[in-house]
Each structure stands twice: as C-alpha cells, then as structure tokens.
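# Summary of structural features
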Amino acid sequence: MSRRILIATVCIALLSLLTGCWNRRELNTLAIQLGTGIDKVGDQYRISVQVVDPGQVAAARSVSPERSPVVMYKSTASTLLSAYRSLTETSPRKIYGAHIRVLILGESLARDGISKVLDLLSRDAEIRTDFYIMIARGTTAEKILKVLTPLEKIPANKLFSSLDVSEKVWAPTTTFTLDQLISQMVVAGQNPVLTGIKIKGDPDKGESQINVKEIDPPARLSLSGLAVFKGPRMVGWLDQAESKGYNIIMDNVKSSAANISCPDGGNIALEIMRSKTKVKGKVVNGEPRILVHVKTEANVGEVNCTIDMNDPETIKWLEKEGARTGIGLMEKSVQTAQSRYSSDIFGFGQAIYRSHPKYWESIQKEWTERFKRLQVDYKVDYIVRKIGTTDNSFIQDVKG
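All values derive from a computational prediction rather than experimental measurement. (Residues numbered from 1 in each chain as written. Predicted model: local features only at pLDDT ≥ 70, side-chain atom pairs only at ≥ 80, totals over all residues. Heavy atoms only, no water.)

### Some points on unusual backbone geometry
Even without being glycine, L151 reaches a positive phi, approximately 65°. Position of L151 among the secondary structure elements: in the loop between α6 (141-146) and α7 (155-169). Take L151: its relative accessible area is 92%, and that puts it in the exposed class. Non-glycine residue S342 carries a positive phi angle of around 50°. (Helix = DSSP H or I, 4+ residues; strand = E, 2+ residues; numbered from the N terminus. Buried < 20%, exposed > 50% of the residue type's maximum accessible area, 1.4 Å probe, protein only.)

### Focus: the state of the cysteines
Tallied over the entire structure, the rule returns one disulfide. Disulfide pairing places C262 opposite C305 at an S-S distance of 2.0 Å. Classification of the bridge connecting C262 and C305 rests on its S-S torsion, roughly -55°, and on that basis the disulfide is left-handed. One end of the pair, C262, is in the loop between β10 (256-261) and β11 (267-284); the other, C305, is in the loop between β12 (287-303) and α12 (312-341), and 43 residues separate them in sequence. On the basis of relative accessibility, which here comes to 9%, the residue C262 falls in the buried class. With relative accessibility at 10%, the residue C305 sits in the buried group. (Disulfide = S-S within 2.5 Å.)

### A closer look at the pattern of salt bridges
Where side chains of opposite charge bring their charged atoms close, a pairing between them can arise. Under the criterion given, the structure shown has 20 salt bridges. Here E107 ties to R111 by a salt bridge, and the two come within 3.2 Å at their closest N and O atoms. On the criterion of helical spacing, the pair formed by E107 and R111 is a turn pair, its members being four residues apart in helix α4 (residues 107-112). Linking E297 and R274 is a salt bridge whose minimum nitrogen-to-oxygen distance equals 3.0 Å. With a gap of 23 residues between them, E297 in strand β12 and R274 in strand β11 connect regions that are remote in the sequence. (Salt bridge = Lys/Arg side-chain N within 4 Å of Asp/Glu carboxyl O.)

### Notes on the confidence of the model for the protein chain
With 89% of its residues at a pLDDT of 70 or more, the protein chain shows a mean pLDDT of 87. The secondary structure element of the protein chain with the lowest average pLDDT is helix α2 (residues 54-57), at 64, and the one with the highest is strand β9 (residues 233-238), at 96. (pLDDT = per-residue confidence, 0-100.)

### Quick look at the nonpolar core
Soluble globular proteins tend to pack their nonpolar side chains together in the buried interior. Counting residues in each nonpolar core, the largest one holds 84 residues, and the members touching the most others are I268, F346 and F348. For this core, the element with the most residues is α12, which contributes eight residues. Both of domain 1 (27-57 + 66-238) and domain 2 (240-399) provide at least three residues apiece to this core. Contacts of F348, omitting those with residues within four sequence positions, involve G189, I249, V279, I290, V292, V334, W367, F371, L374 and V376. Within the second largest apolar cluster, 24 residues are counted, among which are A141, V147, A156 and I197. (Core = buried A, V, L, I, M, F, W, Y, C linked by side-chain atoms within 4.5 Å. Domains from an automatic or database assignment. Contact = heavy atoms within 4.5 Å.)

### Details of the packing of helix α5 (residues 115-123) against helix α8 (residues 178-186)
Put simply, α5 and α8 touch, their axes get as near as 11 Å, and they point 130° apart. Taken together, the axes of α5 and α8 are oblique relative to one another. Handedness of the α5/α8 crossing: left-handed. When α5 is examined against α8, the residues S115, L118, L121 and S122 are found in contact with a partner set consisting of L178, L181, I182 and M185. Grouping the constituent residues of the contact of α5 with α8 by class yields six nonpolar, two polar and no charged. (Axes fitted to C-alpha atoms, helices over the stretch in contact; angles between N-to-C directions. Parallel < 35°, antiparallel > 145°, perpendicular 65-115°, else oblique. Left-handed = near helix turned anticlockwise from the far one by under 90°. Nonpolar A, V, L, I, M, F, W, Y, C, P; charged D, E, K, R; others polar.)

### Re the sheet that holds strand β13 (residues 375-386)
Spatially, β10-β11-β12-β13 is the arrangement adopted by the four strands of the open sheet, whose pairing is mixed. The open sheet has two edge strands, β10 and β13, and neither has a second partner. This sheet shows a mean twist of 35° between the axes of neighbouring strands, independent of strand direction. Where β11 meets β12, 16 bridges bridge the pair, whose relative direction is antiparallel. The residue of β12 that forms the bridge with G281 is I290. α12 rests against β10, β11, β12 and β13 of the sheet, and its axis sits at about 145° to β13. (Pairing = 2+ DSSP bridges.)

### Structural notes on helix α11 (residues 240-249)
Counting buried positions along α11 gives eight out of 10 residues, so the element sits mostly inside the fold. Here α11 has its buried residues at E242, S243, K244, G245, Y246, N247, I248 and I249. Immediately downstream of α11, the backbone of D251 shows phi near 60°, a positive value.

### Side note on the environment of E287
You can see E287 is positioned in strand β12. Given the relative accessible area of 36%, E287 is considered partly exposed. A C-alpha to C-alpha distance of 8.2 Å links E287 and L374, two positions 87 residues apart in sequence. Filtering out sequence-adjacent residues up to four positions away, E287 remains in contact with K282, Y359, R370 and R373. Polar side-chain contacts of E287 include one of 3.4 Å to the side chain of R370. (Polar contact = N/O pair within 3.5 Å; in protein donor to acceptor, adjacent residues only side chain to side chain.)

Next comes the structure, spelled out in structure tokens:
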C-alpha cells in the first residue's frame, strides 16, 4: 500500500511541473482576419483588415441577408505596428492574423517601397507566410477589399482562389507568397514581380449588397498585369503579352491558350498542355549571354478558319507558328524589362552566377548596365499532339 501511495504522491508532484495552454485564446474572443490591405497616406501607413463574420458565413445560421459576411476595420499611423494595435479602438475583438489569405498593397506604397511592410510581416510569429501578395492597380488596397463578391462570400477568399486558379490555367498571372517575395528581393541578380488587381465597374456599388444580388455585378475584381519591381520599389507594369512572356521564361506556365492567325483569315486556338523552360547562362568573348530553351506541348482547341487539319503540313505549320508566337512574347517581355525598367525580373543574373560564379563576382556591381545590353537567345520545341475529336471544322460546310 505504501508503494502505491508513494507512486501517487510522485505523480501529483510531477503534475505541478507540467505547463498548460498559458496563451490559449477562445475563438469567440478573436476577430479572424482573412484579407489585409496596406496603403501609404502621406508619411503614414493605412492598414485595412477584412474580418469574417462567422454568423453570416455559416449557412445554417445565416439569418440576415442584408448583413455583410465580412467587416472592415482600418487605422492610420506612422508605423505599421502602431496601426495594427490601434485597430482595437474600433474592433471589439483582437485581430487574429494567422489565417490571412491575401495581402493587397496599394500602388503608391509599392512605388515608394515595400521593405518595411515585409519586415513587420516576416517578424510576426503569429502570421503564416502562405498568403498571396498583390498590387492594387489604379486604386487603393482599402477599396479593393471593400468590394463584395458573388459565389465566394468572403472577398479575400475570392481573391486567393482567382489568382490560384488563374496561375494554373492562364499564363499572364503568377503567385507570390511572402517567403518567395523576400527571397527574390534579397538575392543578387533577380527582381520580383507581383500580380495586379483592379476594380472593373462602379467601386461605390461594389461595396453594397447590390453587387451580390444582381446577375451582372456592377463592380468586379479583375487580375490585371504584373507589377515590375527594382529592388524594393515598383517601377511599372507589364501588359498581358509581356506578362505571358515573363511566365514562359520563368517556367510558370502550367496550362494556357495561344491564338494563331490563319493564312486566309480567321484563327486557330491552341491549348497549351505542358511547358518546360530551362535558362542557361554562359560567357562568350567576355560578355554574358543567356539561352532560354522551351519545350511546349499543345492541342488544337478551336478552328475558326478554312484549313485542312488532315494535312501533316498543317500541323508542322502550327508548330512553327506556335514557336514563333512564344519567342515573340518572350522577346517583348525581355525588351521591356531591359529598355524601360532596367530590372532583371527573370533571374538572368542568377543564371550567370550558377554557370560562372567567379565571372559573376567580377560583374555583379555593374549588372544593371550589363543587363540592359544582355543578349538573350531563344529556342522553342513546339509539338502539337492532338487536334480534338474532329478534324476539319464543320464551319466551312455550313450552308449559306
């Protein structure tokens, strides 16, 4: 009996040494933040947070159709941390940032520099780094987060899903998380880009319930181009064609579509099924040089012209035109980066470093000037695999 008493006493004593959940917080004491917007207002920062209303999102408890599924809180201060903390002046709960889906940065802030913003977010142990970062194009981050969205009740989820899906099936967009962005900002020989987001339509109506009650919403959030950075500062935008060229070079294309003009008018749409890009750096006669080698597989998705799809020469012509189109997109993107922005967003400097590290050390400080006149060679192996379930289009047989 004494042995059992001794064991029990020891166990009780050990229990006093165990720690509990000393920093636990109940869900009903937190405001779950899903979207974050940061703008520059003069010398101060304005932070806007999109907080979910659990009662409105849960289908079984959604009893007020006139009530928004999210609430916005905003604050302005000289530092981001102060702005974050002062949100408690209006929010009845502590803002909890572990579930952020998107971070929207205002264009004016991006042009001024984003280093300070990223420093705060990277230091906060509560915030995860798997959210997507975008630039509000032609507007503020606050206004982007105010637009209510159909299908997805929570606008931040809509922005995350739209960019996630678009990046997989449409070449002009790309995703960047916090870790990826910081990595490209600090590494020598490469600058980052971020996808733009803009408001199409009436921003004021986008903030009201009208925007989710009509078949054709008066305001929509639309992905728009890629913002080019030079160091921590945004310097301009790539258009859709230039953005496609960028993603081809960066091996970001998983699937997309390409239009080929037919000789006698009309066009053929090719569905890109697979694409693989390799970038190699070399030194020729003391000058850096880049080879971009792309392998692409595509299927015929649409034929809107009179052409014989049974002729093997047609397929060869399509492959040749597909390769030419791809090279044109890449050339346009590189020329814009070299002549307009002087920003190596492709990581060509890193390619030189990997192949010739000692040579890179000798030219690293003058890379910006070297990049402007860098020669880039392109090689595209384009293969058309399938033409679909039919050969020649029925359109040419349609009667009068």
